[in-house]
Amino acid sequence: MDKVSSSEEPPTAKISSIFIYPIKSCRGISVSQAPISLTGFRWDRQWVVVNSKGRAYTQRVEPKLALVKVELPKDAFTEGWEPTKNSYLVVRAPGMDDLNVCLGKQCAKADGVSVWEWSGSALDEGDEASKWFSTYLGKPSRLASETRPVDPKFAPGFKVMFSDGYPFLLISQGSLDALNELLKEPVPINRFRPNCSILVKGCEPFSEDLWKEFKINMFKFQGVKLCSRCKVPTINQENGIAGSEPTKTLKEFRSDKVLRPNKKQQGMVYFGQNLVCQESLTEGKPKTISVGDYVYVFSKASSAAEAAA
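Residues numbered from 1 in each chain as written. Predicted model: local features only at pLDDT ≥ 70, side-chain atom pairs only at ≥ 80, totals over all residues. Heavy atoms only, no water.

## Re unusual backbone geometry
Item 1. In this chain, Glu 245 is followed by Pro 246 through a cis amide linkage whose omega measures 10°.
Item 2. Relative to the helices and strands, Pro 246 is located in the loop between strand S18 (219-228) and helix H3 (247-253).
Item 3. The backbone of Ser 25 sits at a positive phi, close to 75°, despite the residue not being glycine.
Item 4. Within the secondary structure layout, Ser 25 lies in the loop between strand S2 (13-20) and strand S3 (29-31).
Item 5. With phi around 65°, Phe 206 is a residue other than glycine that occupies positive phi space.
Item 6. Tracing the sequence through the fold places Phe 206 in the loop between strand S16 (197-201) and strand S17 (211-216). (Helix = DSSP H or I, 4+ residues; strand = E, 2+ residues; numbered from the N terminus.)

In structure tokens, the structure reads:
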């Protein structure tokens, strides 16, 4: 691991975009700032749509979720804001009336909710939300909310809501540009749902693979695991239709076979870096990341092959 020792080192990159995805696998919201909570950015993947058995729906099996738009109160991303009984998550989709989910109400607990290997209890948003998603997806569905632990192998002690595994995901604009140069039809960043999706610019393509310890606006982040990609990047987020790209091209230069030839092969392709924030473990002082904040990298892995994946 290489150390960057001087505090006088210039910034490595700058945050150009922040995205929040309030409902897992539904459309995101671009924001100018986002408070950091115990589970990542506040409101990110706070809700998940589940089937009659409590299993989470994702775009992998329900690509129509890509067309579901969400809206939160404009003040929801300011420090210290708390919802009232007049605060709503507004959900919209083609052919559907708006769904208004009250942010200030008490929810009943539902048992048997599961996301990948995790299962447990969650808060159920009620019959109106259930009817809306059941009608839209054409099968019994409910809207739920809860926290889960991060994989202790990579980041013990940290928690998430309903992101796949980690509270933050960072991708550089340079990496996206490098990929798009190889594609016949360029893809936007929403294919990769960096949400915390933090998008940064000013660094070399794929340099984020190597970032192990860095700061954004005084807050300490750790790059804990390269992000292995599933089917979702192949789904056009404007129409919900899947194709073969960009995964087909990524396999040519971002597979474990290429990046990690001497490691155990799992047929993975990687794009972006999963992160945790040390300050997520503590409550108290408000913590906010904003577009325009600089990224200062203090230690790096020597190569993608040596980065955790």
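Structure shown, so let's carry the discussion forward.
## A closer look at the pairing of S18
Item 1. Summarising burial for S18: 7 of the 10 residues are buried, a large majority.
Item 2. In this structure, S17 lies alongside S18, joined through 4 bridges in antiparallel fashion. Within S18, the residue paired with Glu 213 across the bridge is Gln 222.
Item 3. Joining the antiparallel neighbours S17 and S18 is a turn of 2 residues, in which Asn 217 adopts a positive phi near 50°. (Buried < 20%, exposed > 50% of the residue type's maximum accessible area, 1.4 Å probe, protein only. Pairing = 2+ DSSP bridges.)

## A look at the nonpolar core
Item 1. Membership of the largest hydrophobic core comes to 51 residues, with the highest contact counts inside it found for Ile 23 and Phe 221.
Item 2. Broken down by element, this core gets its largest block of residues, 5 residues, from helix H1 (residues 127-137).
Item 3. Those residues in contact with Ile 23, other than ones at most four positions away along the chain, are Trp 47, Val 49, Val 70, Leu 89, Val 91, Phe 133, Leu 143 and Arg 193.
Item 4. Counting residues in each nonpolar core, the second largest holds 17 residues, with Leu 169, Phe 206, Val 269 and Phe 271 among its members. (Core = buried A, V, L, I, M, F, W, Y, C linked by side-chain atoms within 4.5 Å. Contact = heavy atoms within 4.5 Å.)

## Some thoughts on the sheet that holds strand S7 (residues 69-71)
Item 1. As summarised here, the arrangement of the 3 strands in space is S7-S8-S9, forming an open sheet in which the pairing is antiparallel. Looking along the sheet, the strands with just one partner apiece sit at the ends: S7 and strand S9 (99-102). Neighbour-to-neighbour, the strand axes of the sheet open up by a mean angle of 20°, direction not taken into account.
Item 2. For S7 and strand S8 (residues 88-92), the ladder comprises 3 bridges, and the chain directions are antiparallel. Its bridge partner lying in S8, Glu 71 is registered against Val 90. (Axes fitted to C-alpha atoms, helices over the stretch in contact; angles between N-to-C directions.)

## A few points about helix H2 (residues 173-180)
Item 1. Of all 8 residues in H2, 6 are buried, a share of seventy percent or more.
Item 2. Those residues of H2 that fall on the buried side of the exposure criterion are Gly 174, Ser 175, Leu 176, Ala 178, Leu 179 and Asn 180.
Item 3. Those residues of H2 hidden inside the fold are in contact with strand S15 (168-172), H3 and strand S19 (270-277).

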